[in-house]
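Single-letter residue listing:
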Amino acid sequence: MIKDRDYIIRATAADGQIRAFAATTRGLVEQARSAHNTSPVATAALGRLLTAGAMMGVMMKGEKDLLTLRIEGDGPIEGLTVTADSAGNVKGYAFNPSVMLPPNAKGKLDVGGALGVGVLSVIKDIGLKEPYVGQTILVGGEIAEDLTYYYATSEQTPSSVALGVLMNKDNTVRQAGGFIIQLLPGASDEMIDKLEKKLGEITSITSLLDEGNTPEMILDHILGEFGLEIMDKVPAEFTCNCTKERVEKALISIGKKELNEMIDEGESIEVNCHFCSRHYNFSVEELTDIRDRAVR
């Protein structure tokens, strides 16, 4: 059904003093859960970061721009990596997808406990010689507040980030989505106070989605009185661009010595893609051909 498709809304309000993004991402988070067989807490953690990545990706201007969000922590999940482009395509994985934890004090999936103390890195490859890298400590590990802190400290942009994943009893994904609302330079104190009051009224993004609210309705609820203007709607998808040819190139790059060791074992090898868990098999004959094309 078309209405069940994932998408991101891009909008402005208050004569351009506010910019906003809102997303519904149930399908792509469920696809990631299915691909990686993630536990409920890993699904929630990865789903939140995938949702953030999709929205932050469409903030970029260039067709070839790439965003990577990486969290590394001392908790049992160890970390998460998500990559997104400017067209709403996103992929990612949890370092330890099978982590199990009891609920937190609020009875919710303990994403903060799974990640522990650590660092959030935001890497933007926008075609310059070196990618932009911003890093901040995890302030709670619940991901939304960590990104709010990142925007305030690394990009000096006051932001409100909400992310959520709601699970069914059978551990499939019931709802997923989020929003990012940012104040641009020149926003008046009066407007900031009004906006903070509005944001304070929101209990949870997933309960709003579960009540049938669309991203447009959620933004209208928060920003309607500020003259909300919806600019554009971008489809969002969990998609991986891995192919056997790309994996071959990676194998060529490891060099003749390692390839010879694989060939000497006399058995085919299986290479797995981190991002989508797809398997690629290479026979001894294929490995020999790859070795003969390797430079070193």
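Residues numbered from 1 in each chain as written. Predicted model: local features only at pLDDT ≥ 70, side-chain atom pairs only at ≥ 80, totals over all residues. Heavy atoms only, no water.

A. View of the overall build of the protein chain. When helices and strands are tallied, the protein chain shows ten helices and 13 strands. In terms of overall dimensions, the protein chain is globule-like: its C-alpha atoms have a radius of gyration of 21 Å, near the 19 Å expected for 296 residues. Once the C-alpha set of the protein chain is aligned to its principal axes, its extents read approximately 70 × 45 × 40 Å. Here the protein chain holds 296 residues, and 47% of them are scored as buried. In the protein chain, the proportion of contacts linking residues at least 24 apart, taken out of those at least 6 apart, comes to 63%. With an accessible surface of roughly 14,800 Å², the protein chain has 51% of that area assigned to carbon and sulfur atoms. Both charge centroids of the protein chain, one from 30 positive and one from 43 negative side chains, sit 2 Å from each other. (Helix = DSSP H or I, 4+ residues; strand = E, 2+ residues; numbered from the N terminus. Rg over C-alpha atoms; globule rule 2.2 N^0.38 Å. Buried < 20%, exposed > 50% of the residue type's maximum accessible area, 1.4 Å probe, protein only. Contact = heavy atoms within 4.5 Å. Areas by Shrake-Rupley, 256 points an atom, 1.4 Å probe, with all protein chains shown as cover. Lys, Arg positive; Asp, Glu negative; His and termini not counted. Charge placed at Lys NZ, Arg CZ, Asp CG, Glu CD.)

B. Spotlight on the sheet that holds strand E5 (residues 89-94). Judged by pairing direction, the sheet is mixed, and its six strands sit side by side in the order E7-E6-E3-E4-E5-E11 without closing on themselves. In this open sheet, the two strands that pair with only one neighbour each are strand E7 (132-137) and strand E11 (237-238). Examined bridge by bridge, strand E6 (residues 118-125) and E7 share six bridges and lie antiparallel to one another. Residue pairing in the sheet places Leu120 in a bridge with Thr136 of E7. Across the face of the sheet, helix H2 (residues 40-58) comes into contact with strand E3 (66-73), strand E4 (79-85), E5, E6 and E11 while running at roughly 30 degrees to E4. (Pairing = 2+ DSSP bridges. Axes fitted to C-alpha atoms, helices over the stretch in contact; angles between N-to-C directions.)

C. Looking closely at the nonpolar core. Met56, Ile77, Leu80 and Ile143 are the most contacted members of the largest nonpolar core, which has 67 residues in total. Here this core takes twelve residues from H2, the largest share from any one element. Setting aside residues no more than four positions away along its own chain, Ile143 makes contact with Ala45, Arg48, Leu49, Ile71, Leu80, Val111, Leu115 and Leu163. Grouped together as the second largest cluster of nonpolar side chains are 25 residues, Ile18, Ala187, Leu223 and Phe226 included. (Core = buried A, V, L, I, M, F, W, Y, C linked by side-chain atoms within 4.5 Å.)

D. Structural view of the sheet that holds strand E8 (residues 159-167). Taken together, five strands build an open sheet; the order of strands is E8-E9-E2-E1-E10 and the sheet is antiparallel. Of all the strands in the sheet, the pair left with one neighbour each is E8 and strand E10 (229-235). Within the sheet, the average angular offset between the axes of one strand and its neighbour, ignoring direction, is 10 degrees. Here strand E1 (residues 7-13) pairs with E10 via six bridges, running antiparallel. Residue pairing for E10: Tyr7 is matched across the bridge by Pro235. H2 contacts E1, strand E2 (18-24), E8, strand E9 (173-183) and E10 of the sheet and is inclined by roughly 140 degrees relative to E8. Each of E2, E8 and E9 is contacted by helix H5 (residues 189-200), which is oriented at about 170 degrees to E9, the strand it contacts most.

E. Expanded view of the state of the cysteines. Under the counting rule described, the total for this entry stands at zero disulfides. Cys242 forms no disulfide, and the closest cysteine sulfur to it belongs to Cys276, at a distance of 3.5 Å. (Disulfide = S-S within 2.5 Å.)

F. Layout of the environment of Gly224. Considering the arrangement of structural elements, one finds Gly224 in the loop between helix H7 (215-223) and E10. A relative accessible area of 31% places Gly224 in the partly exposed class. Sequence-wise, Gly224 and Glu270 are 46 residues apart; in three dimensions their C-alpha atoms are separated by 53 Å.

G. Representation of unusual backbone geometry in the model. Here Asn37, not a glycine, exhibits a phi torsion of approximately 50 degrees, which is positive. Tracing the chain through its elements places Asn37 in the loop between helix H1 (26-36) and H2.

H. Structural view of the pattern of salt bridges. Under the criterion given, the structure shown has 13 salt bridges. Among the salt bridges present, the one from Lys197 reaches Glu201, with a minimum N-O distance of 4.0 Å. The salt bridge partner of Lys244 is Glu286, with a shortest N-O separation of 3.1 Å. Taken as a pair, Lys244 in helix H8 (residues 244-253) and Glu286 in helix H10 (residues 284-293) lie far apart in primary sequence, 42 residues in all. Look at Lys244 and you get partly exposed, because its relative accessible area is 27%. Each member of the salt-bridge network shares a partner with another, and the members are Lys197, Lys198 and Glu201. (Salt bridge = Lys/Arg side-chain N within 4 Å of Asp/Glu carboxyl O.)

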